[in-house]
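A look at the structure
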Amino acid sequence: MLIYNTLTKKKEEFIPKNSPNVTMYVCGPTIYDYFHIGNARSFVMSDIVRRYLEYKNFDVKFVMNLTDVDDKLIKKANEENVPVEQVAEKYADAFFEDIEKLGIKKATVYPKATEHMQDIVDLIKNLVDTDYAYNVDGNVFYNVNKFKGYGKLSGKNIDDLESGARIEINEEKKNPLDFSLWKKAKPNEPAWESPWGKGRPGWHIECSAMSMKHLGETIDIHAGGNDLIFPHHENEIAQSEACCTNEFVKYWIHFGFLNLNQEKMSKSLGNFFTAREILKEHSANSIRYLFSQTHYSGPLNFSKELLESSEKGLEKIYNLVQRIENIKPSMADNLNTFENERYLFAFESAMDDNFNTPQALASIYDFIRDFNKFLNKNDQVAKNDIIKAKDFLTKTLTDVLGIVLFSTEEKGESKEDDLIKLLIEIRQKAKLDKNYSLADEIRNKLSELGITLADSKEGTTYKISK
Ligand code: AMP
Ligand code: ZN
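**Quick notes on the coordination of the zinc ion (ligand 2)**
The coordination sphere of the zinc ion (ligand 2) contains the protein donors Cys27 (SG), Cys207 (SG), His232 (NE2) and Glu236 (OE), at a distance range of 2.0 to 2.8 Å. Taken together, the four donor atoms coordinating the zinc ion (ligand 2) span angles of 71 to 132° at the metal, a pattern that classifies the geometry as irregular. According to the relative accessible area criterion, cysteine 207 is buried, its value standing at 0%. Overall, histidine 232 belongs to the buried group, its relative accessible area being 1%.

**Some remarks on the packing of helix H1 (residues 37–55) against helix H11 (residues 341–352)**
It is at 11 Å that the axes of H1 and H11 come closest, and there the two elements cross at 125°. Taken as axis vectors, H1 and H11 run oblique relative to one another. Crossing geometry of H1 relative to H11 is assigned as left-handed. Contact with H1, carried on its side by Ile48, Tyr52 and Tyr55, involves Leu344, Phe347, Glu348, Met351 and Asp352 of H11 and no other residues of that element. Its residues placed into classes, the contact of H1 with H11 shows six nonpolar, no polar and two charged.

**Structural notes on the side chain of glutamate 234**
Within the secondary structure, glutamate 234 is located in helix H7 (residues 229–243). At a separation of 2.9 Å, a polar atom in the side chain of glutamate 234 contacts the main-chain amide nitrogen of glycine 151.

**Observations regarding the site of ligand 1**
Of all residues adjacent to ligand 1, which total 18 residues, the nearest are Ser42, Gly225, Asp227, Leu258 and Met265. Contact distances for ligand 1 include 3.4 Å between an oxygen atom and a backbone N or O atom of threonine 30. Between ligand 1 and serine 42, the relevant distance is 2.8 Å, taken from a nitrogen atom to a side-chain nitrogen or oxygen of the residue. Alone, ligand 1 offers 490 Å² of accessible surface; in the complex the protein occludes 90% of this. If you list the elements that add at least two residues to the shell around ligand 1, you get H1 and strand S9 (219–225). Split by residue class, the shell around ligand 1 holds seven nonpolar, nine polar and two charged.

**Concerning the domain arrangement of the protein**
Its domain assignment divides the protein into domain 1 (2–255) and domain 2 (312–464). Inter-centroid distance (C-alpha atoms) of domain 1 to domain 2 is 37 Å. With twelve residues of domain 1 at the interface, the matching set in domain 2 holds 15 residues. Here domain 1 and domain 2 share an interface that buries about 1300 Å² over both sides, 58% of which is from carbon and sulfur atoms. Considering only the surface of domain 1 that becomes buried against domain 2, Arg51, Tyr52 and Tyr55 emerge as the three largest contributors, covering 48% of it. Remark: the boundary between domain 1 and domain 2 carries two salt bridges. Between lysine 56 and aspartate 352 there is a salt bridge whose closest N-O contact spans 2.9 Å. At the boundary of domain 1 and domain 2, one finds ten residue pairs in polar contact (both at pLDDT 80 or more). For the side of domain 1 that touches domain 2, the element with the most residues is H1, which contributes six residues. Of the residues contributing to the side of domain 1 that touches domain 2, the split by class is nine nonpolar, no polar and three charged.

The rules we used
Residues numbered from 1 in each chain as written. Chains lettered and ligands numbered in written order. Predicted model: local features only at pLDDT ≥ 70, side-chain atom pairs only at ≥ 80, totals over all residues. Heavy atoms only, no water. Donors = N, O, S within 2.8 Å, 3.2 Å for Na, K, Ca; no water. Tetrahedral: all angles 85-135°; square planar, octahedral: opposite > 155°, others 65-115°. Buried < 20%, exposed > 50% of the residue type's maximum accessible area, 1.4 Å probe, protein only. Axes fitted to C-alpha atoms, helices over the stretch in contact; angles between N-to-C directions. Helix = DSSP H or I, 4+ residues; strand = E, 2+ residues; numbered from the N terminus. Parallel < 35°, antiparallel > 145°, perpendicular 65-115°, else oblique. Left-handed = near helix turned anticlockwise from the far one by under 90°. Contact = heavy atoms within 4.5 Å. Nonpolar A, V, L, I, M, F, W, Y, C, P; charged D, E, K, R; others polar. Polar contact = N/O pair within 3.5 Å; in protein donor to acceptor, adjacent residues only side chain to side chain. Near = heavy atom within 4 Å. Areas by Shrake-Rupley, 256 points an atom, 1.4 Å probe, with all protein chains shown as cover. Domains from an automatic or database assignment. Buried area = accessible area lost by both parts, 1.4 Å probe. Salt bridge = Lys/Arg side-chain N within 4 Å of Asp/Glu carboxyl O.

Set out below in structure tokens:
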């Protein structure tokens, strides 16, 4: 299996340090707002990488950090006049809700910066003790000139960076490229004790400390969007390799930008749709299908029209699923059989080649076209062929790409349940707004349909009489 490694700029055979175990770290969100559909692309593509590794029987330990203290969180807390923790909690909850809706598998751990202060301080202390970092009056900076490999990930060198620096001049720094490891406390900002006085950590050091804590000194895969290559990931390497290891990461994976009108979607430019607003009108399936149609490393120019056309493409798949679910298998002998091994082989070959999802989808389209033809030609179909077709679609589209096709009744979840939960939520809101007539109407209409609600202090439960 080949993975393109940003560090070596080559596709390389994937050989984890301790196969079949794989350690994977993905830079997660700063929880000061809802995440946008651009962030969602990086989260979904890292989920597909993980799902495919699991499909190949690797045992993946997957860590995604949440940045819960930084300038943006502090600014938001000041604007809303609430504590920083309250902002972090609100948007962490929203993050978990949204990734669940997107069908993203849960990480093994979601470490938060504020829960790792001691690890962060210990790591900075190590860097100060070995002169890779210096303290100026309570602000600690990393000394980039001291680290020989600085620039190796981004392909930048220190001299070019310095001459083209847009980096603000800071009298305290030895080199304008030096970056903050510890920021001295300012009034009314959250702060923690440290050997350099009260303060808070810089962003880059969080990831070095938390990846080491949960995954060890050398990790197999580290992923994030292209915007993180420099300076964030470059700085993570400088920190981790100065402190602890010759090789911080074996394979660096970077996701291309999701753009809007050819421009990177970002909060700061204001050109964004939140994932939750898109999810109100479109299914997770269509979002994941759209993302899979483009290779993870290239740009994806997003539009709602594109999402709608991706929904049309999905219909072909749904139609075949429906056809398969409606077939009554035949017990007759001597039936024609459908060989589907070659489609799975083509799918795996594409995914083995640096997670080439558009190519992988092509093998699925081939299967759909040929299996439909087979069904058109044969009035009777053997049970085994139906099982194999279902199995192919489930393995490729659901297990790997996260597109859910066949009903999940066995798990007790259905669209019906989702709709009832939605109505319960609306009724709850109506009660809070003192709109009791609407609340009662929802209860009564549901009751007419044989769905009984029961309120208790834990919340509302429901029962469906069949
Ligand atoms: P942030 O909360 O901005 O740190 O971003 C969280 C993740 O989303 C990081 O991996 C970013 O690289 C990624 N990301 C941010 N903007 C985009 C975009 N427009 N397209 C793809 N990934 C993005
Ligand atoms: Zn990071």
